[in-house]
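Fold and contact review
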Amino acid sequence: MGFEWLALCAALLWAFSSVLSVVPAKHLGTFAYSRWRMGCASTILATMALITGGWSSVTMPALSAMMLSGLIGIFIGDTALFACLNRMGPRQAGLLFSCHAVFSAILGYFLFSEAMTSFELIGASLVFFGVVLAIFFGRRGQNDNQLESVQGSVWIGVSLGLLAAVCQALGGIIAKPIMQTEIDPVAASAMRMMTAFAAHFILLLTGTRLARASQAINWRVFFLTALNAFLAMAIGMTLILYALQEGNVGMVALLSSTTPIMLLPILWFYTKQAPNRYAWLGAILAVSGTAILVQ
């Protein structure tokens with residue numbers, strides 16, 4: 001399977017996971033949910049790497065780079081993403097997060113001299129404009145949809161979403177050189193998750209009020225959190241690291257940014273309310289662009 005399909009599979013898993021996150025994220029609160037989610041993902045990935053022998057591929061330079069990538073891309077980025085999700089819902093949070101493709105492409109160009117062919121640039125432009133169209137016009141006619149409502153200041157929500165996007169891009173940029181070595185992607189992903197979980201746990205030990213759970217966790221919330229961790233973090237993030245072994249940072253980020261488009265039919269099924277024509281037009285543009293890129 002080429003890196004394009006790996007990135008698209010990750011995007012699909014993130015789409016499903018964003019809907020699964022709605023209930024536990026609101027129940028536990030942003031920081032507590034992220035902590036439980038990363039704890040589950042760390043356990044799953046560390047066990048997988050132990051079974052497959054992936055830990056033997058880890059070197060000291062890889063350890064330090066993956067820890068930094070996890071601290072920026074997952075601890076800060078993922079937490080900001082779920083703070084945005086609690087304020088703006090899964091579709092709008094996902095749309096803002098998809099901007100990481102733009103940031104990754106810019107950073108990849110300057111740091112790794114990555115560039116696109118003219119054909120790839122056309123495809124990338126279609127994906128980008130499709131996502132932008134869905135961002136600015138996708139909420140029209142959705143005022144009675146709870147998953148589309150904005151809680152609090154919209155600008156704080158937008159800022160959190162863009163912060164998550166920047167951190168995701170930086171995390172990928174930091175991981176890219178290490179992923180071109182012989183390191184096992186599962187072990188690399190485990191290091192990122194464990195670092196993020198450790199940072200969350202230290203924050204909790206400081207007694208910071210934000211780090212505490214809004215409500216006590218129950219079995220239903222734990223199951224949803226663990227399932228989300230398995231799909232989005234253990235599988236999705238690992239697929240992205242596999243993709244980075246072959247593809248350039250900008251292209252991988254661009255294809256993985258199609259999550260908001262994949263969310264449309266999922267949210268339609270979940271809420272029983274069809275997305276508006278602008279959201280579908282954005283989806284058509286993004287899918288057309290993606291089809292060009294994976295040829």
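Residues numbered from 1 in each chain as written. Predicted model: local features only at pLDDT ≥ 70, side-chain atom pairs only at ≥ 80, totals over all residues. Heavy atoms only, no water.

Helix and strand content of the chain: 11 helices and 0 strands. From first element to last, N terminus to C terminus, the chain shows the α and β order α-α-α-α-α-α-α-α-α-α-α. In terms of overall size, the chain behaves like a compact globule, its C-alpha atoms giving a radius of gyration of 18 Å where 295 residues would be expected to give roughly 19 Å. Taken over the C-alpha atoms alone, the chain extends approximately 50 × 50 × 30 Å along its principal axes. Intrachain contacts of the chain at a sequence separation of at least 6 include 91% that bridge at least 24 residues. A gap of 19 Å separates the mean positions of the 14 positive and 9 negative side-chain charges of the chain. (Helix = DSSP H or I, 4+ residues; strand = E, 2+ residues; numbered from the N terminus. Rg over C-alpha atoms; globule rule 2.2 N^0.38 Å. Contact = heavy atoms within 4.5 Å. Lys, Arg positive; Asp, Glu negative; His and termini not counted. Charge placed at Lys NZ, Arg CZ, Asp CG, Glu CD.)

Further remarks concern helix α4 (residues 100–112). Its 13 residues place the ends of α4 17 Å apart at the C-alpha level, agreeing with the 18 Å of an ideal helix rising 1.5 Å per residue. For α4, every residue scored as buried is listed here: His-100, Ala-101, Ser-104 and Gly-108. Looking down the long axis of α4, one finds its buried residues gathered within 90° of arc, a one-sided arrangement. Residues of α4 that are buried sit in contact with α3 (60–97), α6 (154–179) and α9 (249–256). Taken from the residues just after α4, Ser-113 is the one with a positive phi, measuring 55°. (Expected span 1.5 Å × (residues − 1). Buried < 20%, exposed > 50% of the residue type's maximum accessible area, 1.4 Å probe, protein only. Arc of directions from axis to C-beta.)

Before going further, it helps to spend a moment on the packing of helix α2 (residues 30–52) against α3. Running from amino to carboxyl end, α2 crosses α3 at an angle of 130°, the nearest separation of the two axes being 9 Å. Relative to α3, the element α2 is oriented oblique. With respect to the hand of their crossing, α2 and α3 are arranged in right-handed fashion. Within the contact between the two elements, α2 uses Thr-30, Phe-31, Tyr-33, Ser-34, Arg-37 and Met-38 and α3 uses Ile-74, Phe-75, Asp-78, Thr-79, Phe-82, Ala-83 and Asn-86. Per-class residue counts for the contact of α2 with α3 are 7 nonpolar, 4 polar and 2 charged. (Axes fitted to C-alpha atoms, helices over the stretch in contact; angles between N-to-C directions. Parallel < 35°, antiparallel > 145°, perpendicular 65-115°, else oblique. Left-handed = near helix turned anticlockwise from the far one by under 90°. Nonpolar A, V, L, I, M, F, W, Y, C, P; charged D, E, K, R; others polar.)

Tracing the backbone through its elements, the reader meets His-27 in helix α1 (residues 3–28). In this structure His-27 comes out as buried when scored by relative accessible area, which is 14%. Looking at His-27, its side chain comes within polar contact range of the main-chain oxygen of Ala-216, at 2.7 Å. Setting aside chain neighbours within four positions, we find His-27 in contact with Ser-214, Gln-215, Ala-216, Ile-217, Asn-218 and Val-221. (Polar contact = N/O pair within 3.5 Å; in protein donor to acceptor, adjacent residues only side chain to side chain.)

Keep in mind these numbers describe shape, not what the thing actually does.
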